[in-house]
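Here are the chains, one letter per residue:
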Amino acid sequence: MTGELGQPRPPRWVVPLFGLGALILVPWVALLVVVLPSAHRAAHWDVAWAGFDVVLALLLLAVAVAAWRRSPWFEGAATAAATLLFVDAWFDVLTSSTQAELVVALVEAAFIEVPLAIICLLLARDAERRLYRPWVDRAESSPLVRGPSAVSPVRPFS
């Protein structure tokens, strides 16, 4: 199934399923805020954070390799890396247990994690534009596209 400009359209069940999931999360989040304690000691805290950082390192490596190989996976890897960088900054700041940890977390978030995440998102957007642009150019030069009655391509983020 294709949508506008021949772009693949997700299955019809995607919109209601994910919309329902988002709606269900609203009362769940409210319940968690009320029920969960503000402080909690967790077993394997070190393994959880080390594992998270291993995945983040692998994603950053995936961005580098995908960029080097000019892979179509670059956009997804950069977007995933940005997501984990934002999550890392969020949890580093919120789980700081001392004033010194909080200062380090804020400095890392402000000068490393958030700027790198923004760079990843900008790179992903640029990659999407570069992938989309040749398709639009081909559609505009196609003999099947004629005159003002033809549907003009929509350029995202323009």
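Everything numeric in this text was worked out from a predicted model, so none of it was measured. (Residues numbered from 1 in each chain as written. Predicted model: local features only at pLDDT ≥ 70, side-chain atom pairs only at ≥ 80, totals over all residues. Heavy atoms only, no water.)

**Here we look at the overall build of the protein**
Stated formally: Labels follow the DSSP assignment, with helices taken as runs of H or I lasting at least four residues and strands as runs of E lasting at least two, numbered in each case from the N terminus. The buried label goes to any residue with under 20% of its type's maximum accessible area, the exposed label to any with over 50%, and the partly exposed label to all in between, with areas taken from a 1.4 Å probe on protein chains only. Whether two residues touch is decided by their heavy atoms; if any such pair falls within 4.5 Å, the residues are in contact.
What the protein contains, in helices and strands, is four helices and zero strands. Beginning at the N terminus, the succession of helices and strands in the protein can be written as α-α-α-α. A buried classification covers 20% of the 158 residues belonging to the protein. Within the protein, residue pairs in contact and separated by at least 24 positions form 58% of the contacts whose partners lie at least 6 positions apart.

**Observations regarding unusual backbone geometry**
Positioned with a positive phi, His-44 is a non-glycine residue whose angle comes to about 65 degrees. Inspection of the secondary structure puts His-44 in the loop between helix H1 (14-35) and helix H2 (45-69). In this structure, Arg-70 takes a positive phi of about 55 degrees despite not being glycine. Position of Arg-70 relative to the elements: it lies in the loop between H2 and helix H3 (74-94).

**So, H3**
Residue pairs spaced three or four apart in an α-helix point in one direction, given the helix's 3.6 residues per turn. Quick note on the threshold: Under the convention used throughout, the expected extent of a helix is 1.5 Å for every residue step, that is, one less than its residue count.
Its 21 residues place the ends of H3 30 Å apart at the C-alpha level, agreeing with the 30 Å of an ideal helix rising 1.5 Å per residue. Buried residues of H3: Phe-74, Ala-77, Ala-78, Ala-81, Ala-82, Leu-84, Leu-85, Asp-88, Ala-89 and Asp-92, and no others.

**Quick word on the environment of Pro-72**
Along the chain, Pro-72 turns up in the loop between H2 and H3. Sequence spacing of Pro-72 and Ala-127 is 55 residues, and the spatial spacing of their C-alpha atoms is 8.4 Å.

**As for the packing of aromatic side chains**
A ring pair, where both rings are aromatic, is described by two values, the distance of the centres and the angle of the planes. To keep it simple, the criterion reads: The criterion for an aromatic pair is that two Phe, Tyr or Trp rings (for Trp, the six-membered ring) have centres within 6.5 Å, with stacked assigned to planes under 30 degrees apart, edge-to-face to planes over 60 apart and tilted to the rest.
Under the defined criterion, the tally for this structure stands at two aromatic pairs. Between Trp-45 and Trp-49, the ring centres sit 6.0 Å apart and the planes meet at 75 degrees, which makes this aromatic pair edge-to-face. Of this pair, Trp-45 and Trp-49 are both found in helix H2, four residues apart, which corresponds to roughly one turn of the helix. Taken together, a centroid distance of 5.9 Å and an interplanar angle of 70 degrees make the contact between Trp-49 and Phe-52 edge-to-face. Separated by three residues within a single helix, Trp-49 and Phe-52 lie in helix H2, roughly one turn from each other. With respect to class, Trp-49 is no different from Phe-52; both count as buried.

**Some details on the side chain of Asp-92**
We count it as follows: For this count, His and the chain ends are skipped, Lys and Arg are scored as positive, and Asp and Glu as negative. In what follows, salt bridge is the name for a side-chain nitrogen of Lys or Arg lying within 4 Å of a carboxyl oxygen of Asp or Glu.
Inspection of the secondary structure assignment puts Asp-92 in helix H3. For the buried residue Asp-92, which engages in no salt bridge, the nearest side chain bearing the opposite charge is Arg-41, 17 Å off. Setting aside anything within four residues of it in sequence, one finds Asp-92 in contact with Trp-49, Ala-105, Glu-108 and Glu-113.

**What to know about the nonpolar core**
What counts, and what does not: Throughout, nonpolar core names a set of buried Ala, Val, Leu, Ile, Met, Phe, Trp, Tyr and Cys residues whose side chains join them through atoms within 4.5 Å.
Counting residues in hydrophobic clusters, the biggest one holds 17 residues, and the most contacted among them are Val-63, Phe-74, Ala-78, Ala-81, Leu-84, Leu-85 and Cys-120. Elements with a contribution of two residues or more to this core: H2, H3 and helix H4 (99-141). Setting aside anything within four residues of it in sequence, one finds Val-63 in contact with Phe-74, Ala-77, Ala-78 and Ala-81.

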